[in-house]
Amino acid sequence: MLSLKSLFAAFAVVLATPMAIAPVASAQGSTVVVIDRVQIFARSKAGQDIQAKMANIEQAMQAELKPTVDALTAERASLDAKAQGKTQEAILADATLTSEIEQHAIKARQFNVARQVAARELQLTERQALNEFNKALIPVLQQVVVERGANVILDNSQVVFVDEATEVSADVIAKLDAATPTINVVRQKMPPPQAAQQ
């Protein structure tokens, strides 16, 4: 459902908004530090914890959907076998077969809705996990800003060149690992369709 690349992209979007810890000052007299948000997420214990938990949640969702997929696949094969060699008119004339085909179509539509709900729940879960990661990261960034006497943090995607003294991702990862090695990732659930309509 979600690739690591899309997880990083979502992380960048979630983290981009609150990234300006200090107002961007003019270049003159400013102390700038640079971080690599993707590297921080990928290499920190908290980021790796999120990735592992999201993978487990995705696998659980797929396992929940699999019996329906298997049943629909078997039912489709059975219907194909029953319809084999029959013309469209002959199929339409067979009330039992026509009813079975219609019921299969209803089940397939219901499954598509369930699959869409699962995908949406996975997105909501990912967004919530990234928000929690961001909450844990902000104090660490503030600590690094104070320790380095910086008043601007930039992401490395915003700069052309950065020297080792200015790039503080390793320091951020170490502090984040010490402060928050794990993130609570809770599967988000969509309300049932009846509750959503009320």
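Keep in mind the model is a prediction, meaning the values are calculated, not measured.

**Considering the nonpolar core**
Right, so step 1: In terms of nonpolar packing, the biggest core is built from 28 residues, with Ile 40, Ile 50, Phe 133 and Val 172 touching the most fellow members.
Right, so step 2: Among the secondary structure elements, those contributing two or more residues to this core are strand E1 (32-35), helix H2 (37-43), helix H3 (45-83), helix H5 (95-148) and helix H6 (169-179).
Right, so step 3: Top element by residues in this core is H5. It accounts for 11 residues.
Right, so step 4: Residue contacts for Ile 50: discarding those within four places in its chain leaves Phe 41, Ala 129, Phe 133, Ile 183 and Val 185.

**Focus: the confidence of the model for the protein chain**
Right, so step 1: Per-residue confidence for the protein chain gives a mean pLDDT of 87, with 83% of residues at or over 70.
Right, so step 2: This model gives residues 13-27 a pLDDT under 50, and the stretch forms 24 contacts once residues within four places in sequence are excluded.

**Quick word on a nonpolar patch on the surface**
Right, so step 1: A cluster of nonpolar side chains, contributed by Val 113, Val 117 and Met 190, occupies part of the molecular surface with about 210 Å² of accessible area.
Right, so step 2: Among the secondary structure elements, Met 190 is positioned in the loop between H6 and helix H7 (193-197).

**What to know about the pattern of salt bridges**
Right, so step 1: Tallying each qualifying case throughout the model produces 13 salt bridges.
Right, so step 2: A salt bridge links Asp 171 to Lys 175, with the shortest nitrogen-to-oxygen separation between them at 3.3 Å. In this pair, Asp 171 and Lys 175 both sit in helix H6, four residues apart, roughly one turn of the helix. The same class applies to Asp 171 and to Lys 175, which are both buried.
Right, so step 3: One salt-bridge network, in which partners are shared between bridges, spans Glu 147, Arg 148, Asp 171 and Lys 175.

**A few points about H3**
Right, so step 1: Helix length check: H3 (39 residues) gives 55 Å between terminal C-alpha atoms against 57 Å at 1.5 Å per residue, within 8%.
Right, so step 2: Residue Leu 65 marks the point of greatest curvature in H3, where the axis turns by about 35 degrees; the proline Pro 67 follows within four residues.
Right, so step 3: Gly 85 occupies a position one or two residues after H3 and carries a positive phi of about 80 degrees.

Conventions and cut-offs
- Residues numbered from 1 in each chain as written.
- Predicted model: local features only at pLDDT ≥ 70, side-chain atom pairs only at ≥ 80, totals over all residues.
- Heavy atoms only, no water.
- Core = buried A, V, L, I, M, F, W, Y, C linked by side-chain atoms within 4.5 Å.
- Buried < 20%, exposed > 50% of the residue type's maximum accessible area, 1.4 Å probe, protein only.
- Helix = DSSP H or I, 4+ residues; strand = E, 2+ residues; numbered from the N terminus.
- Contact = heavy atoms within 4.5 Å.
- pLDDT = per-residue confidence, 0-100.
- Patch = residues over 30% accessible without salt bridge, like charges linked within 9 Å, V, L, I, M, F, W, Y side chains within 5 Å.
- Areas by Shrake-Rupley, 256 points an atom, 1.4 Å probe, with all protein chains shown as cover.
- Salt bridge = Lys/Arg side-chain N within 4 Å of Asp/Glu carboxyl O.
- Expected span 1.5 Å × (residues − 1).
- Bend = angle between axes of the 7 residues up to and from the residue.

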